[in-house]
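Now for the letters of each chain:
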Amino acid sequence: MMELSLSSAYEKFITNRQTYCEDTTVSNYSNTLRYFLDFMEVHKELPATEIQVSTITSDDISSYVCFLRKKKKNDNHPLTATSENCITRRTVKTYSIDMRTFFNWMLQEEYITPEKSPIKNFKLIKSEIKSILPINDDELKIIDDGYSQNTETGLRNLCIIHLFIDEGLRLSEVCKLQIQDVNFINNCIIINGKGNKQRIVPMARIVRKYLERYINIYRPDVSHDYVLCNINGSPVTADAIKSLFCRIVKRTGIERLYPHLLRHTFATSFILGGGSVEMLRIYMGHSDIKTTQNYLHIVNSIQFSQNVYKLDDIFFRRYYT
């Protein structure tokens, strides 16, 4: 068995992921595993270059998870003040899953043996299931009213907002949407999702209205095929969309608003409208239906709420009645 330092294992693992994972996935691994490396350096009082992966024990892993459970939100974030609240159990679970993937990769590469694997009996913490209050009609009207359909930026922002709430796209999918993915003839959108998996989602009338107007009239004349552009013509980035939502929160006072909440609203509204969990799984691009079934819990907790945002009836039409 080859002896390998923790820092070398980290670099080899990231290189391995760069060969087939999307950039966002590689970035997530880089960030979450850096927490583990930083912790181990303090915990073992050695630089990561001198910590041999074969010396890491199950006790070290347990100590790391305990550290995560006490970690404050935005701790050491360069732009955001540290919160008094700890990171959520869901976040702890996410970091733990990435750490487990890292060690499973080392097992496959035979950098550690199954007998000495520190994650042999490792159990993931159970994440909390929260009732997420979706966006309602009144709130969406307030959000939409901040933007004009007669300006380039205003119409682009309306496209972004409604691709989330009326099509259920992820943040990365909104950024990657290209001209050829928008099919006005068949009234659908082809989405290139996680793992380069494609799915087709019907195009809601309001999304069609905004996209047709933006693409044909306001989109800058640029050489690339990305649909959504900045004023200078460059493709819109995830950071730009996050900044947009921060401005919307300040303007509207809807503090719980963030891009993924609109995707949550799409899923919740789909179930409330009578859509099946399996069709929702397809539209959302989930590989595991268990992920989709989490929305049943959310729907059960808010099903008697009034004024929940309603999806276009294109999602509920049947070819045979």
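Our subject is the structure that appears above.
Within each chain, residues carry numbers counting from 1 in the order of the written sequence. It should be noted that, the model being predicted, local features are given only for residues of pLDDT at least 70 and side-chain atom pairs only at 80 or more, the latter also being counted only at that level, while totals for whole chains, interfaces and linings use all residues. Only hydrogens and water are set aside when side-chain values are computed; all heavy atoms of the structure are taken into account.

Colleague: Teacher, can you tell me more about helix H9 (residues 238-252) here?
Modeller: An α-helix turns once per 3.6 residues; consequently, residues spaced three or four apart project the same way. The terminal C-alpha atoms of H9 lie 21 Å apart, and with 15 residues this matches the ideal 21 Å at 1.5 Å per residue to within 8%. For H9, every residue scored as buried is listed here: Ile241, Leu244, Phe245, Ile248, Val249 and Thr252. Buried residues in H9, looked at end-on, bunch into an arc of 140 degrees, giving them a common side. Those residues of H9 that are exposed and angled more than 90 degrees off the buried face are Asp239 and Lys250. For H9, the elements touching its buried residues are helix H5 (137-144), helix H6 (152-165), helix H7 (171-176) and helix H10 (259-272). Count one or two residues on from H9 and you reach glycine 253, which has phi positive near 80 degrees. Per the convention used, a helix needs a DSSP run of H or I reaching at least four residues, while a strand needs a run of E reaching at least two, with both numbered from the N terminus. Under the convention used throughout, the expected extent of a helix is 1.5 Å for every residue step, that is, one less than its residue count. Per-residue accessibility, obtained with a 1.4 Å probe over protein chains only, is compared with the maximum for each type, and a residue is labelled buried under 20%, exposed over 50%, and partly exposed between these values. Here the arc refers to the set of directions running from the helix axis out to each C-beta atom. Whether two residues touch is decided by their heavy atoms; if any such pair falls within 4.5 Å, the residues are in contact.

Colleague: I tried to follow the packing of aromatic side chains on my own but got confused; where do I start?
Modeller: Within a pair of aromatic rings, the relevant descriptors are the distance that separates the centres and the angle that separates the planes. Each aromatic pair joins two rings of Phe, Tyr and Trp (for Trp, the six-membered one) with centres within 6.5 Å, and gets the label stacked for planes under 30 degrees apart, edge-to-face for over 60, and tilted for any other angle. For the structure shown, the criterion picks out 18 aromatic pairs. With a centroid separation of 5.1 Å and an interplanar angle of 35 degrees, the aromatic rings of tyrosine 35 and tyrosine 95 are classed as tilted. Highlighted residues: tyrosine 35 in helix H2 (residues 23-44) and tyrosine 95 in helix H4 (residues 89-108), separated in sequence by 60 residues. Residue class for tyrosine 95 comes out buried when judged on its relative accessible area of 13%. Judged by centre distance (6.5 Å) and plane angle (85 degrees), the ring pair of phenylalanine 270 and phenylalanine 315 falls under edge-to-face.

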